[in-house]
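Here is how the chains run, residue by residue.
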Amino acid sequence: MRPVRLGSVEAPPVAHVGKPPRVRLAALDGLRFLAAVMVMLYHYVGYESGDETRAWDGRSAAELLPGLSRFAAYGWLGVELFFLISGFVICMSSWGRTLGDFFRSRVVRLYPAYWVAVVLSAVVLRLWPTVRHAPTPSDVLTNLTMLQQPLGVPHVDGVYWTLWAELRFYLLFALVVGFGRGVTYRRTVLFCVAWTVVTVSAAGAHDDLLRAVTEPRYAPFFIGGVALYLVRRFGPDPLLWGIVGMSWLLAQNSTVEEMPRRVDANPPHLSATICMALVTVFYALMIALALGKLDRVSWSGLTTLGALTYPLYLLHENLGWTLIHALYRPGRPAWAVLAAVTVTMLISAWLLHRLAERPMSKTLDKALTTSLTRLRTSDP
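Every value quoted in this text rests on a predicted model; they were computed, and no experiment measured them.

### Thoughts on the overall build of the chain
The number of helices and strands found in the chain is 15 helices and two strands. A globule of 380 residues ought to have a C-alpha radius of gyration of about 21 Å, and the chain, at 21 Å, matches this closely. Each principal axis of the C-alpha distribution contributes one length, and for the chain these read about 60 × 50 × 50 Å. Burial status across the chain gives 53% buried among its 380 residues. Partitioning the contacts of the chain with sequence separation of at least 6, the portion at a separation of at least 24 is 75%. Surface exposure of the chain reaches about 17,300 Å², of which carbon and sulfur atoms provide 66%.

Set out below in structure tokens:
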């Protein structure tokens, strides 16, 4: 039975008897887009920081859009959904691949759109430093490496912090891909169990290096996503459900632990119960996906929205705040400004995807394929 393709990622069929042999994970694209929209709305109307209030001419979004603001204040949890999806997708995309293939696919996936977004954000802040100060040329160049966080260099755009968490997950999962026969069921299960044990140990340790490598705050979401892909590929199993359940329990804890920091940037109406409920909903949706319950979701538009997710995530913060600042005036409907900025960001994401990400990814993929082939075949 041949797997189908989802963009550049292979999606094998669910291992359940009677399930359709060919499926397209449009629902996964829909969930990715949902996560991006949650984060975008959080930054525009749910994030009570100096940057957000400067964008709205010194006004509070909670005052201008009170109903939406109460909902958007929980949009930061979209990042948690992103990480849960990321564990699922990385395990799926690395199956049957070599370490070189895994490295190439991640570089091609992450860097082209990111490079363009860094430059665009830096140019906009240089021309219109109304919401944030323009980054220095050195900061911009360092950001192009995607390694600015461990180097202590400021992010050109605040959302880039999540990419360092992603890179650490990729490096850890490369241990599964790079040894022996690559990704196997046994090897992946052991990886999930080992990472859970080390993560819990690191959370209570005073070892900054260990914590930096294992990422205790977000590791449960990555681990849960990996285990759910195994459920999809091999079918339900008590051991896999145990890993998923443990990751959910740890995810609840880490989410509640994160709340005090989020309350500092939001009106103090965040509810731990709502945060825990949203995380549970995320897990329920991904479990439904793993069990094939969402395979009937086949609207092709979701695939398009999925393609826009990464560019939208990269572009929306600084560019969106700057545009809000340019459009909003006292007496002008805030909802109209928000709608105009949202549409503009979606169009910008589409243009970035079609005009830059796609052609640059093809060129980079071809170049890396040539280089890795030479690396494998050349004499020392």
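### A short note on the nonpolar core
The biggest cluster of nonpolar side chains holds 114 residues, and the ones touching the most others in it are Trp56 and Phe173. Here the element with the most residues in this core is helix α1 (residues 26-45); it accounts for 13 residues.

### Re the side chain of His43
When you line up the elements, His43 lands in helix α1. Here the side chain of His43 touches Glu317 through a polar contact of 3.3 Å, side chain to side chain. The residues touching His43, leaving out its near neighbours within four places in the chain, are Glu52, Val159, His316, Glu317 and Trp321.

### Considerations on the layout of surface pockets
What the second largest pocket holds in volume is close to 410 Å³. Forming the walls of the second largest pocket are 20 residues, and the residues nearest its centre are Ala203, Arg211, Pro216, Arg217 and Tyr218. Mapped onto the lining of the second largest pocket, the elements with two or more residues apiece are α8 (161-178), α9 (185-203), α10 (208-214) and α12 (238-264). No other element matches α12, which puts five residues into the lining of the second largest pocket. Residue composition of the lining of the second largest pocket, by class: nine nonpolar, four polar and seven charged.

Definitions and limits used
- Here the residue numbers are simple positions, counted from 1 along each chain's written sequence.
- Note on the predicted model: pLDDT of at least 70 is required for a residue's local features to be given, and 80 or more for side-chain atom pairs to be given and counted; whole-chain, interface and lining totals, by contrast, use all residues.
- Side-chain measures here rest on the full set of heavy atoms in the structure, leaving out hydrogens and waters.
- By definition, any uninterrupted DSSP run of H or I lasting at least four residues is a helix, any uninterrupted run of E lasting at least two residues is a strand, and each is numbered from the N terminus.
- It is over C-alpha atoms that the radius of gyration is taken, and the globule rule equals 2.2 Å times the number of residues to the power 0.38.
- Under the scheme applied here, a residue whose accessible area is under 20% of the maximum for its type counts as buried, over 50% as exposed, and between as partly exposed, the area being computed with a 1.4 Å probe on protein chains only.
- Working rule for contacts: check all heavy atoms of both residues, and any pair within 4.5 Å makes them a contact.
- For every accessible area listed, the method is Shrake-Rupley and the probe measures 1.4 Å; residues are considered covered only by the protein chains on display.
- Note on terminology: a nonpolar core comprises buried Ala, Val, Leu, Ile, Met, Phe, Trp, Tyr and Cys residues joined through side-chain atoms within 4.5 Å.
- Any pair of N or O atoms that falls within 3.5 Å is considered a polar contact. Within protein, one atom must be able to donate a hydrogen and the other to accept it, and sequence-neighbouring residues count only if both atoms are side-chain atoms.
- Lining residues are those with an atom within 4 Å of a point, where the points come from a 1 Å grid over the protein atoms alone and group into cavities, where a 1.4 Å probe fits but cannot get out, or pockets, open sets with protein on both sides within 12 Å along at least five of seven lines.
- Grid points are joined across faces, edges and corners, and a volume is the space filled by probe spheres set on the points.
- Three residue categories are used. Nonpolar comprises Ala, Val, Leu, Ile, Met, Phe, Trp, Tyr, Cys and Pro, charged comprises Asp, Glu, Lys and Arg, and polar comprises the others, including Gly.

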